[in-house]
Amino acid sequence: MEIAIIPIDDLRDQYTQQMAHVRQTYERTGDGTAAIRRRSSLVDRLLIELWRRALSIPGFDANAKVSMLALGGYGRKDLFPHSDIDVLFAFADDDTEKAVRPAIRAIIQAMWDIGLRASPASRTLKECTRFDPDNLEFTLSTFDHRFLAGNFPLYQKLHSETLPGVILSDWNTVAQKLGEVARARHAKYGNTIFHLEPNLKECPGGLRDFNLAPWFALLFQLKETRKWPPLRTTSPNDRASSSTWQSSHGDAEAAFDFLAAARCFLHFRHGRDDNTLDWQSQDEAAANSVGLETRGTADPSYWMRTYYRHARTIYRRAVLLMEHLPAPVSFYKQFRKRRAPIPGTDFVLDQARIDVSPSAQFAQFNDTEAFLRIFAMIANHGYTLTQAAEDRITDALPVIAINSPEGPYLWNAIREVLLGPHAAHSLRTMHALGILEMLIPEFHGIDALVIRDSYHRYTVDEHTFLTIDNIHALRRPAHDYEARLGLLLPEIDRLDLLLLSLLLHDTGKARRTGEHTTTSVELADTFLARLDFDTEEREIVRKLIRSHLEMSNALRRDIFDTDNVRQLSEKVGSPQLLKMLTLMTYADIKAVHPDALTPWKAENLWQLYMSTANFMDRSVDEVRYHADLDPTLLYRIASMLPVPSDTKSHPRKKELVASQEKAIRKFLEGLPQRYLQTRLPEQIREHFLLAAQLEFDPIQLELRPNRQLLELTVIARDRRRLFADVAGTLAAWGMNIVKADAFSNDAGVIVDSFQFTDSFRTLELNPEEKDRFTANVHEILSQGITANKYQIEQLLASRRQSIHRNGTVKVEIPTRLEFDSESSAHSTLLQVVAQDTPGLLRQIALVLHSHDCNIEVALVDTEGETAIDVFYLTKLGKKLSEELQQYLSQDLKKALDKILPQPQIS
């Protein structure tokens, strides 16, 4: 059967012209809410006209019992520039559907020809009476329906009888499924609003969460009145229809207007239904002040701060709304005690939720101490507040502010919250209600403050709460390193001061000038003065805040370097502060983003703590390196070497072992003490055996797992560029180097070790690739320098092109070079901060080798797109001269400029 054709050329031109006008008006005014209403009205006119023109198709006339309804976002008149058009064709019966099918197909085809992305559904009235739990999306779309064209009595029956009946008959199931789908969506996005590139529609705090309020309101009103509520529109007066939502009506409307403007911007910018706020879109949105009341150009960090504030409002309300959903009733749950009064307050406890006492519904709350006691209960037990309780506390804020406690009373209230296992949850609640800033005004500056780079995942206030959460979570360790760090908790005399320091440690970031630790100490000082802390307590908090980056900085140095350990020990001063600072560093790093604290970094933090603690327990003279080798170590290594079977019981076995000890001593002669400290005897034995094979093969390799990392050790005769070539080969394979050691002995044997992660899990998922990997490394290192250079450059160029094709540089990281000849007694430290790119370590090593610099140790770290590499350098066994440092600085900048990617300006 041929599909009937509806003439639409004039309608297509009309749609194109009108949408151009919608876009121009949006770009002039920035009003996204108005733009989606205008498009909805435009599409209404087009579809009604299509319906009129379809009446000329045989079998389709004005008397046909079929209706066309707008559904979903289109039904709400929230039709974004490139959103699908959800329509329902409802038929009285199967015969009607069959008779008008050609006309309906013609309408759908015409929609596509005009340029509308049609998302049609067809149902008979009988089919609409059934609820399909596996197709909740369709049921939700019917929540927002309105009449467009066709048989109005049929629509009235659908609206007044059919749809209310199907929802009421499965009300519990529909409500529970709605909650399940929302929770699953939240879980998909990590139950957090904090994403570097959020999806404005799907992420927690997005437009789907905003729509939960009217959906829940409809469900509860339908259950109460047994009839469909009045139609909802985008009008501010109509959108808030539930008591839960009305309490934050103004904030919610402001949040919707911002998100509507931002989503319209994305649709127009990309020319499609793309709702991901990527990095470049954030820059452009900020430049155009999208969604902001003031026009002009805004700072991207400020713009994202506004987004997070609105997302937080919507997400919090969505979570509270879902708590009202009916839960499956268990046999035991029905016998639980309900609504137990909380002594001394006007609140009751109802199944882990704190609500307002019925007897105090209209009472004037003025007991500040009772309010603060509620937050202590939340911190200790993990309770949540009902919407009514939150509203009552918000209403009482002026009274609380007037009667706010001071001095020890204020500290006791905050202290009880901080020490609770659910302290972060309680602090978030206080923050959301304005209580926290009222008690600690210094905290206000970091509310939703964005540190805009690809390393910091969370806003500063959320990062702060996560640090406190991380400390309490040590009581329930999930990893070995957490169990070790958790052993320090009982040894902390003043855990309350540690947690208070974490609460205040980043408040200085609000000023964005100078070193934030100094500003944080200044802000903390004003607060500590109000707490009436004594001098000792105040100094502990001040020192923890001032020093909270010291261990992180020390981790970027050689943690086995005595000078590094000594300097950290001098800055910290006491074993007790060292324990507190170790836990503070752990909590701080882990709260940057989910993958910031790798097991390797956690292990290094523990090793640094142990080294510094041991240093504090003994004099400096006792930790100096000794040239003599430990004879016990030599014997242990020699005893593990293979012994020929015919000499195992030979009387000259001792002489053989002595000979092997001599050979081992020769191999170890000239290797730094660090090599012995960081290698097990079994590893030293393997390296010795590999070195003995150099006369047969000049390149010896050992690949082995090292905790969560892989370690490649290269043993070869000393030659230029070996370190650089290994680094380049690993980068070409997609490996992420996190640490490297470069050693050589007096006999000219190099022992270079590289610890790295397998970013793409190539070797883990394809065990056979390990042989090909080591064979490829061996082949490249065995070639001549010219051929070697050409092959590595080819591999790296291909790798860089692949990365640039898949994504652009988000943040431009300026290259910084810092030399330090004071921190180490034997080496000059070079710290390179640059944009991370494949082959960066190799390029640096090539320049260092060209100046005959020896890399004693290389420590490699990456924070987001920022590479932070530290090298311990010597030349002819001495530190680098200032003149050489200047030459290196010039050559390194030139070399890095050739390989570093440039940010894409959109």
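Residues numbered from 1 in each chain as written. Predicted model: local features only at pLDDT ≥ 70, side-chain atom pairs only at ≥ 80, totals over all residues. Heavy atoms only, no water.

1. Section: the overall build of the chain
Move 1: Helix and strand counts for the chain stand at 38 helices and 16 strands.
Move 2: Out of the 906 residues in the chain, the part that is buried amounts to 55%.
Move 3: Total accessible area on the chain stands at roughly 40600 Å², and carbon and sulfur atoms take up 50% of it. (Helix = DSSP H or I, 4+ residues; strand = E, 2+ residues; numbered from the N terminus. Buried < 20%, exposed > 50% of the residue type's maximum accessible area, 1.4 Å probe, protein only. Areas by Shrake-Rupley, 256 points an atom, 1.4 Å probe, with all protein chains shown as cover.)

2. Remarks on the packing of aromatic side chains
Move 1: All told, the structure shown has 21 aromatic pairs when counted by the stated rule.
Move 2: Ring geometry for phenylalanine 147 versus tyrosine 155: centroids 5.3 Å apart, planes at 45°, classification tilted.
Move 3: For tyrosine 155, a relative accessible area of 6% puts it in the buried group.
Move 4: An angle of 35° between the planes, with centres 4.8 Å apart, marks the rings of phenylalanine 210 and phenylalanine 256 as tilted. (Phe/Tyr/Trp six-rings, centres within 6.5 Å; stacked < 30°, edge-to-face > 60°.)

3. Let's talk about the sheet that holds strand β3 (residues 118–124)
Move 1: Within the open sheet, the four strands sit side by side as β3-β2-β1-β4. Their pairing is mixed. At either end of the open sheet lies a strand with only one pairing partner, and these are β3 and β4 (146–150). Direction aside, neighbouring strands of the sheet carry axes that sit 25° apart on average.
Move 2: Each of β1 (66–70), β2 (85–91) and β4 touches helix α2 (residues 32–54); the most contacted strand, β4, lies at about 25° to it.
Move 3: Helix α4 (residues 94–114) contacts β1, β2 and β3 of the sheet and is inclined by roughly 160° relative to β2. (Pairing = 2+ DSSP bridges. Axes fitted to C-alpha atoms, helices over the stretch in contact; angles between N-to-C directions. Contact = heavy atoms within 4.5 Å.)

4. Here we look at the packing of helix α14 (residues 368–381) against helix α17 (residues 407–419)
Move 1: Two numbers describe how α14 lies on α17: the axes approach to 7 Å, and their chain directions differ by 20°. Relative to α17, the element α14 is oriented roughly parallel. Judged by the sense of rotation from one axis to the other, the crossing of α14 with α17 is left-handed. Contacts between α14 and α17 involve Leu372, Phe375, Ala376, Ala379 and Asn380 on the former and, on the latter, Ala413, Glu416 and Val417.
Move 2: For the contact of α14 with α17, a count of residues per class yields six nonpolar, one polar and one charged. (Parallel < 35°, antiparallel > 145°, perpendicular 65-115°, else oblique. Left-handed = near helix turned anticlockwise from the far one by under 90°. Nonpolar A, V, L, I, M, F, W, Y, C, P; charged D, E, K, R; others polar.)

5. Quick look at the confidence of the model for the chain
Move 1: Considering every residue of the chain, the mean pLDDT works out to 86; 89% of them sit at 70 or more.
Move 2: Taken element by element, the chain is modelled with least confidence in helix α9 (residues 236–239), mean pLDDT 38, and with most confidence in helix α22 (residues 495–504), mean pLDDT 97.
Move 3: In this model residues 329–336 is a low-confidence stretch, pLDDT under 50, and it forms two contacts with partners more than four residues away in sequence or in other chains.
Move 4: Confidence drops under a pLDDT of 50 for residues 619–627, and excluding neighbours within four residues, the segment shows 10 contacts in the predicted structure. (pLDDT = per-residue confidence, 0-100.)

6. Quick notes on the sheet that holds strand β12 (residues 749–758)
By way of backbone hydrogen bonds, the strands of a sheet pair with one another, either parallel or antiparallel.
Move 1: Reading across the sheet, the eight strands line up as β9-β10-β12-β11-β15-β16-β14-β13 and stay open at both edges, with antiparallel pairing between neighbours. This sheet does not close on itself; its edge strands, each paired only once, are β9 (699–706) and β13 (816–820). Neighbour-to-neighbour, the strand axes of this sheet turn through a mean angle of 15°, independent of strand direction.
Move 2: In this fold helix α38 (residues 882–899) packs onto β13 and β14 (828–835), with an angle of close to 155° to the strand it touches most, β13.

7. Focus on the pattern of salt bridges
Move 1: Counted according to the given criterion, the structure contains 43 salt bridges.
Move 2: Between arginine 312 and aspartate 447 there is a salt bridge, and its shortest N-O distance comes to 2.8 Å. Here aspartate 447 lies in the loop between α19 (435–439) and α20 (460–473) and arginine 312 lies in helix α13 (residues 300–322), a separation of 135 residues in the sequence.
Move 3: Its relative accessible area of 27% is what places arginine 312 among the partly exposed residues.
Move 4: Arginine 316 is the partner of glutamate 390 in a salt bridge, and the nearest nitrogen-oxygen pair spans 2.3 Å. You can see glutamate 390 sitting in helix α15 (residues 387–395) and its partner arginine 316 sitting in helix α13, a full 74 residues away along the chain. (Salt bridge = Lys/Arg side-chain N within 4 Å of Asp/Glu carboxyl O.)

8. Some thoughts on helix α27 (residues 575–590)
Move 1: End to end, α27 covers 23 Å across 16 residues, agreeing with the expected 22 Å (1.5 Å per residue, within 8%).
Move 2: Most of α27 is tucked away: 13 of the 16 residues are buried. (Expected span 1.5 Å × (residues − 1).)

9. Details of a negative patch on the surface
Move 1: Together, Asp93, Asp94, Asp95 and Glu127 make up a region of like negative charge exposed at the surface.
Move 2: Among the structural elements, glutamate 127 can be located in the loop between β3 and α5 (136–143). (Patch = residues over 30% accessible without salt bridge, like charges linked within 9 Å, V, L, I, M, F, W, Y side chains within 5 Å. Lys, Arg positive; Asp, Glu negative; His and termini not counted. Charge placed at Lys NZ, Arg CZ, Asp CG, Glu CD.)

10. Some words on the nonpolar core
Move 1: Ranked by size, the top nonpolar core spans 90 residues in total, and within it Ile435 and Leu500 carry the most contacts.
Move 2: Counting residues per element, this core draws most heavily on α27, at nine residues.
Move 3: What isoleucine 435 contacts, discounting residues up to four positions off in sequence, is Leu372, Phe375, Ile393, Leu397, Ile400 and Met430.
Move 4: In terms of nonpolar packing, the next biggest core, distinct from the first, is built from 76 residues, Phe89, Ala118, Phe210 and Leu266 among them. (Core = buried A, V, L, I, M, F, W, Y, C linked by side-chain atoms within 4.5 Å.)

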